[in-house]
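Structure at a glance
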Amino acid sequence: SSGINAEYGNLEEQLKQLLDTVHEDMYNRALVERDANMAVTSSWEEFCQLLDEKKIIQAPYCGAIECEETIKKESARTEVVDDKAPAMGAKSLCIPFDQPGDATTQTCITPKCCKAAQSYTLFGRSY
């Protein structure tokens, strides 16, 4: 373990700077991890494939509760692909402020839904 040299008279400021640095480093690592595991698609087949790769996905979504239930049911896996990978279906996580495009020009990602999407919604599996 490495030590930290600090002057007693300036300890409070040095500790604050250290905590700010740790916080910023952790935040930046989390952003890199999130961005590396986030995808955008409007294809149902690719949506399911990305879920199996443990990605979180931004997809066009109409916002209907019935569609979310269909997504959850249709994206669940019945066969075990990986013992450590969850098989439950995807659920909506949030509607990101930063949208990857104009979702209203797309149809909902839900199979057999023909409604126009309201927004790109972030979907994922719980782990």
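As shown above, the structure is provided for reference.
Throughout what follows, the structure given in this document is the object of discussion.

Of regular secondary structure, the protein chain possesses three helices and four strands. If you list the helices and strands of the protein chain from N to C, you get α-β-α-β-α-β-β. On C-alpha atoms alone, the protein chain measures out to a radius of gyration of 21 Å, which is more than a quarter above the 14 Å that the 2.2 N^0.38 rule sets for 127 residues. Projected onto the principal axes, the alpha-carbon positions of the protein chain cover approximately 70 × 35 × 20 Å.

So, about the environment of R125. With respect to the helices and strands, R125 occurs in the segment after β4 (119-124). The class of R125 is buried, set by a relative accessible area of 7%. Along the backbone, R125 and K54 are 71 residues apart, and their C-alpha atoms lie at a distance of 7.6 Å. A polar contact is formed between the side chain of R125 and the backbone oxygen of L51, at a distance of 3.3 Å. Among the polar contacts listed, one links the side chain of R125 to the side chain of D52, at a separation of 3.1 Å.

Turning our eyes to something else, we now look at the environment of Y27. Checked against the element boundaries, Y27 lands in helix α1 (residues 11-36). Along the backbone, Y27 and A59 are 32 residues apart, and their C-alpha atoms lie at a distance of 25 Å.

Attention now goes to a nonpolar patch on the surface. On the surface, I4, L15, L18, L19, V22 and M26 cluster together into a nonpolar patch covering about 570 Å² of accessible area. With respect to the element layout, L19 can be found in helix α1. Residue classification places L19 among the exposed positions, given a relative accessible area of 51%.

Strand order in the open sheet formed by four strands is β1-β2-β4-β3, and the pairing between neighbours is mixed. Strands with a single pairing partner mark the edges of an open sheet, and in this sheet they are β1 (38-40) and β3 (91-94). Taken over all neighbouring pairs, the strand axes of this sheet differ in orientation by 45 degrees on average, direction set aside. One ladder, built from three bridges, connects β1 with strand β2 (residues 56-61); its direction is parallel.

The full count for this structure, using the stated rule, is three aromatic pairs. Ring geometry for W44 against F47: centres 5.1 Å apart, planes inclined by 15 degrees, an arrangement best described as stacked. In this pair, W44 and F47 both sit in helix α2 (residues 44-52), three residues apart, roughly one turn of the helix. Seen from their ring centres, Y61 and F123 are 5.4 Å apart, and the 85 degrees between their planes marks the pair as edge-to-face. A residue pair is termed long-range when its members are at least 10 positions apart, and Y61 in strand β2 and F123 in strand β4 qualify at 62 residues. A single burial state applies to Y61 and to F123, both of which are buried. In this structure an aromatic cluster arises from ring pairing among W44, F47, Y61 and F123.

Rules and cut-offs
- Residues numbered from 1 in each chain as written.
- Predicted model: local features only at pLDDT ≥ 70, side-chain atom pairs only at ≥ 80, totals over all residues.
- Heavy atoms only, no water.
- Helix = DSSP H or I, 4+ residues; strand = E, 2+ residues; numbered from the N terminus.
- Rg over C-alpha atoms; globule rule 2.2 N^0.38 Å.
- Buried < 20%, exposed > 50% of the residue type's maximum accessible area, 1.4 Å probe, protein only.
- Polar contact = N/O pair within 3.5 Å; in protein donor to acceptor, adjacent residues only side chain to side chain.
- Patch = residues over 30% accessible without salt bridge, like charges linked within 9 Å, V, L, I, M, F, W, Y side chains within 5 Å.
- Areas by Shrake-Rupley, 256 points an atom, 1.4 Å probe, with all protein chains shown as cover.
- Salt bridge = Lys/Arg side-chain N within 4 Å of Asp/Glu carboxyl O.
- Pairing = 2+ DSSP bridges.
- Axes fitted to C-alpha atoms, helices over the stretch in contact; angles between N-to-C directions.
- Phe/Tyr/Trp six-rings, centres within 6.5 Å; stacked < 30°, edge-to-face > 60°.

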